[in-house]
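A structural walkthrough
The primary structure of each chain is shown beneath.
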Amino acid sequence: MARARSFVENGCWVLRATATLRFELHWSLPFFPLMTRCLTPVAFALAIAVLAAHELGHAAVVGWRGLRSHAIRMHGMGGHCLHDGGTALDEAWIAWGGVAAQAPLLALGAALPWLVSPGWLSEDLFRSLVLANGAMIAFNLLPIRGLDGHKAWGLFRLLRSARVQERQVGDRWAAKDRAMWQSIEAAKKKQAERERLH
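1. Some points on the overall build of the chain
Helix and strand counts for the chain stand at six helices and five strands. For the chain, the N- to C-terminal ordering of α and β elements is β-β-β-α-α-β-β-α-α-α-α. Across the 198 residues of the chain, 32% fall into the buried class. As presented, the chain carries roughly 12,700 Å² of accessible surface, and 65% of it is formed by carbon and sulfur atoms.

Here's what the structure looks like:
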């Protein structure tokens with residue numbers, strides 16, 4: 001296994017995790033937890049971890065769709081998963097990958113009052129995993145260009161049209177099959193008719 005290399009490029013600390021995937025941490029990244037009001041060290045670290053989970057969720061779906069991720073870039077306004085271009089359906093699935101990765105963290109945070117005794121740690125966990133994470137999910141799913149929601153909500157329309165096309169193709173094949181069997185039956189009847197006449 002190759003060792004991770006790191007260097008600075010274009011204001012980013014670049015960690016090369018594999019031969020093909022880079023993590024790019026922009027100098028503005030520390031401002032992200034401040035925007036989400038995660039001000040204590042634990043909440044600060046968890047906000048960064050939630051952002052990383054979001055971007056890794058995108059990368060996981062990129063791989064599932066048969067594409068390749070090149071870089072995960074994280075900065076003060078959020079992050080990006082840079083990957084091969086795909087179809088509109090691929091892009092819609094990929095857009096859902098980020099919030100899908102955040103959802104288990106949200107569920108864990110919601111279960112914390114029953115798992116952890118009250119105190120500063122539980123408040124930090126709740127603030128990061130529920131409040132900040134939930135706000136990130138809601139914001140990201142807004143149908144605005146530049147946010148995941150712009151492509152994510154199109155998934156349902158794309159799946160519906162794919163099903164309709166599949167049904168139409170299936171109907172065409174079924175019609176061709178029926179026509180083929182009808183022509184075979186007609187040929188058999190003609191053959192039987194000829195044999196009966198001779």
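Let's pick the thread back up.
2. Here we look at the packing of aromatic side chains
Following the criterion strictly, the structure yields five aromatic pairs and no others. On the numbers, 5.0 Å between centres and 85 degrees between planes, the contact of W96 with W153 is edge-to-face. Here W153 lies in the loop between α5 (148-152) and α6 (154-197) and W96 lies in helix α3 (residues 88-115), a separation of 57 residues in the sequence. Overall, the relative accessible area of 41% leaves W153 in the partly exposed class.

3. Topic: the nonpolar core
As a rule of thumb, nonpolar side chains are buried together in soluble globular proteins. In this structure, L29 and M74 are the most contacted members of the largest nonpolar core, which totals 19 residues. Elements supplying a minimum of two residues to this core: α2 (41-64), β4 (69-75), α3 and α4 (120-140). No other element matches α2, which puts seven residues into this core. Residues in contact with M74, not counting those within four places in the same chain, are E24, L25, H26, L29, I48, L51, A52, E55 and G79. Among the nonpolar cores identified, the runner-up in size contains five residues, and A95, I137, L141 and A152 belong to it.

Cut-offs applied
Residues numbered from 1 in each chain as written. Predicted model: local features only at pLDDT ≥ 70, side-chain atom pairs only at ≥ 80, totals over all residues. Heavy atoms only, no water. Helix = DSSP H or I, 4+ residues; strand = E, 2+ residues; numbered from the N terminus. Buried < 20%, exposed > 50% of the residue type's maximum accessible area, 1.4 Å probe, protein only. Areas by Shrake-Rupley, 256 points an atom, 1.4 Å probe, with all protein chains shown as cover. Phe/Tyr/Trp six-rings, centres within 6.5 Å; stacked < 30°, edge-to-face > 60°. Core = buried A, V, L, I, M, F, W, Y, C linked by side-chain atoms within 4.5 Å. Contact = heavy atoms within 4.5 Å.

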